[in-house]
Amino acid sequence: MLHVENIEKYYGSRNNVTKALDRISFDVAKGEFISIMGASGSGKTTLLNCISTIDTVSAGRILLDGENIAELSDRQLARFRRERLGFVFQDFNLLDTLTLEENIGLALTINHADPQTVKTKVREAAEQLGIQETLDKFPYQVSGGQKQRAACARAMVAGQSLILADEPTGALDSGASKNLLEIMTRMNRDMGATILMVTHDAYSASYASRVLFLKDGRLFNELIRADRTRPVFYHEILDVLALLGGDISDVI
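Note that the structure is a prediction, hence the values are computed from the model and not measured.

Q: Is there a simple way to explain the overall build of the protein chain in this structure?
A: Looking only at helices and strands, the protein chain has nine helices and ten strands in total. For the protein chain, whose C-alpha radius of gyration is 18 Å, the value lies close to the compact-globule estimate of 18 Å for 252 residues. Considering only C-alpha atoms, the protein chain reaches an extent of 50 × 45 × 35 Å along its principal axes. Every one of the 252 residues in the protein chain was classed for burial, and the buried ones make up 50%. Summed over all atoms, the accessible surface of the protein chain reaches about 12,200 Å², with 47% contributed by carbon and sulfur. Once the 28 positive and 33 negative side-chain charges of the protein chain are each reduced to a mean point, those two points are 2 Å apart.

Q: Looking at this structure, I do not really get unusual backbone geometry. What am I missing?
A: Peptide bonds are trans in most cases, and residues, glycine excluded, mostly fall at negative phi. Despite not being glycine, Asn 6 shows a phi value in the positive range, around 50°. Its location among the elements puts Asn 6 in strand β1 (residues 2-13). Residue Asp 65 is not a glycine yet carries a positive backbone phi of 55°. Tracing the backbone shows Asp 65 in the loop between β4 (59-64) and β5 (67-68).

Q: Would you take a moment to explain the pairing of strand β6 (residues 85-89) for this structure?
A: The side chains of a regular strand alternate, first on one face of the sheet and then on the other. Most of β6 is tucked away, with four of its five residues classed as buried. Pairing of β6 with strand β7 (residues 162-166) involves five bridges; the strand directions are parallel. Residue pairing for β7: Leu 85 is matched across the bridge by Leu 162.

Q: Honestly, the nonpolar core in this entry has me stumped. Any pointers?
A: Among soluble globular proteins, nonpolar side chains are generally buried collectively. Formed by 36 residues in total, the largest nonpolar core has its most connected members in Ile 104, Ile 163, Met 184 and Met 187. Among the secondary structure elements, those contributing two or more residues to this core are α3 (100-104), α5 (115-129), α6 (144-157), β7, α7 (174-191) and β8 (195-198). Filtering out sequence-adjacent residues up to four positions away, Met 187 remains in contact with Leu 129, Cys 152, Met 156, Ile 163, Gly 192 and Ala 193. Core analysis: the next-biggest nonpolar cluster, separate from the first, contains 27 residues, Ile 36, Leu 85, Leu 164 and Val 198 among them.

What counts, and where the lines are drawn
- Residues numbered from 1 in each chain as written.
- Predicted model: local features only at pLDDT ≥ 70, side-chain atom pairs only at ≥ 80, totals over all residues.
- Heavy atoms only, no water.
- Helix = DSSP H or I, 4+ residues; strand = E, 2+ residues; numbered from the N terminus.
- Rg over C-alpha atoms; globule rule 2.2 N^0.38 Å.
- Buried < 20%, exposed > 50% of the residue type's maximum accessible area, 1.4 Å probe, protein only.
- Areas by Shrake-Rupley, 256 points an atom, 1.4 Å probe, with all protein chains shown as cover.
- Lys, Arg positive; Asp, Glu negative; His and termini not counted.
- Charge placed at Lys NZ, Arg CZ, Asp CG, Glu CD.
- Pairing = 2+ DSSP bridges.
- Core = buried A, V, L, I, M, F, W, Y, C linked by side-chain atoms within 4.5 Å.
- Contact = heavy atoms within 4.5 Å.

In C-alpha cells, the structure reads:
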C-alpha cells in the first residue's frame, strides 16, 4: 500500500544544511499497524509530514497505492488528503464551532456526499467508538478522550486508505490513553484500518504489529511483534530504546 524509497529531506541554506531524513526505505502493507519511534530530532515527525504531503522530500519517492505523491498538483494534493488520508493529532484538531457529529462528517460534507449517507456513516463510526451519546455536543463540552475518539472517527469515516497518527495519546491521561490505543487496535483488527503512528512512548508503540526506530534521520532498527504478547513486546521496545542512547525515563 505505502512504499517509501530512499527518501531524503534537507532543511536550511547552502551554507547551513540539516539532513533530517537520510535514505529511508520501508513498505507498509494494507491492514498493518506500524509505530515509528525515535528521540527528539530523529526525523520521525518529518517522515510523517512527508508521507502526509504536509512537507515534500528532497530526494527519493513515496508511493501510496502505486501513486507518486510528489507528482500531484496542488488541487490533486488537496483531494488526495481529503479522500486517501485520515489524520489523528495530539491536539485533536476539532473545530470548536461544529458539533462532534459535524466534525466527524466534515470530509464527507466537503466532498458533497449525500447528507443522509453522511449521517449514517457518522452514526456507525460513533457507535463503534462509543461516542454516539455525545454527537450533538461541541468539543469544549466533552472530555479529552471523547475528543480523541471523535478525531479517530473522523479519520476513518470517509474510508481513507491510510490513517496517520502523530502522538495521539500525548494530551491524554493514562486511562484515556489505554482506551484510545485499544480503540485504534480495534480499528486496525476489526475495521481493516492501516495505521502509521508516530510516538515517543514505548507503551503506545507496543500496541502496533511492527515498530520502526529512527536515529539521526536513518532507520536504526525494526521490531516485529508476531505472536508475542504485548507486555513482552513492550520490554523489547525498551531494550531497543536503550540502544538508541536516548533518555527513556519518561516512557518506563
